[in-house]
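# Chain and residue survey
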Amino acid sequence: MQKARKPTTDAVEILHRRYFEGKPKMIALLEEERANADIAQKIYDLRTRAGLSQRQLAKLIGTTASVICRLEDADYEGHSLAMLRRIASVLNRRVEIRFIVNQRRKLA
């Protein structure tokens, strides 16, 4: 017999229960969207801290401002490692990739 859930008024908890609890595909989609948003935010933060406009950064890496705009869009899914390295290089950074344990889906 399942335990009755404790009622809540926490909006985030309500949304989690309604859309994600017990739905591994939805959780995977959420994680992917979080990763895309995180990459976009990091590019934006690096560019603005360097005092560059999208057009200036684009010129430095040999692309267009519209490409930089897309890369800084949280909905964009086409981040390539090569492009991230180009951006990192002109901003005196390097790209680091880490594989971390997924707390929600541990392998047996």
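Here we summarise the structure given alongside this text. (Residues numbered from 1 in each chain as written. Predicted model: local features only at pLDDT ≥ 70, side-chain atom pairs only at ≥ 80, totals over all residues. Heavy atoms only, no water.)

Taken together, the side chains of L15, Y19, M26 and L29 present a nonpolar region at the surface, about 370 Å² in accessible area. Of all the elements in the fold, those that place two or more residues in the nonpolar patch are α1 (11-19) and α2 (24-49). Within the fold, M26 resides in helix α2. (Patch = residues over 30% accessible without salt bridge, like charges linked within 9 Å, V, L, I, M, F, W, Y side chains within 5 Å. Areas by Shrake-Rupley, 256 points an atom, 1.4 Å probe, with all protein chains shown as cover. Salt bridge = Lys/Arg side-chain N within 4 Å of Asp/Glu carboxyl O. Helix = DSSP H or I, 4+ residues; strand = E, 2+ residues; numbered from the N terminus.)

Residues spaced three or four apart along an α-helix face the same direction, because each turn holds 3.6 residues. Spanning 26 residues, α2 covers 37 Å between terminal C-alpha atoms, matching the ideal 38 Å at 1.5 Å per step. Of all the residues in α2, the buried ones are I27, N36, A40, I43 and R47. In this structure, the buried side of α2 is in contact with α3 (54-61), α4 (65-71) and α5 (81-90). At the C-terminal side of α2, G51 shows a positive phi close to 75 degrees. (Expected span 1.5 Å × (residues − 1). Buried < 20%, exposed > 50% of the residue type's maximum accessible area, 1.4 Å probe, protein only. Contact = heavy atoms within 4.5 Å.)

Take the side chain of N36 next. Inspection of the secondary structure assignment puts N36 in helix α2. Among the residues examined, N36 registers a relative accessible area of 8% and is labelled buried. If we skip the residues at most four places from it in the chain, N36 touches A74, Y76, E77 and H79.

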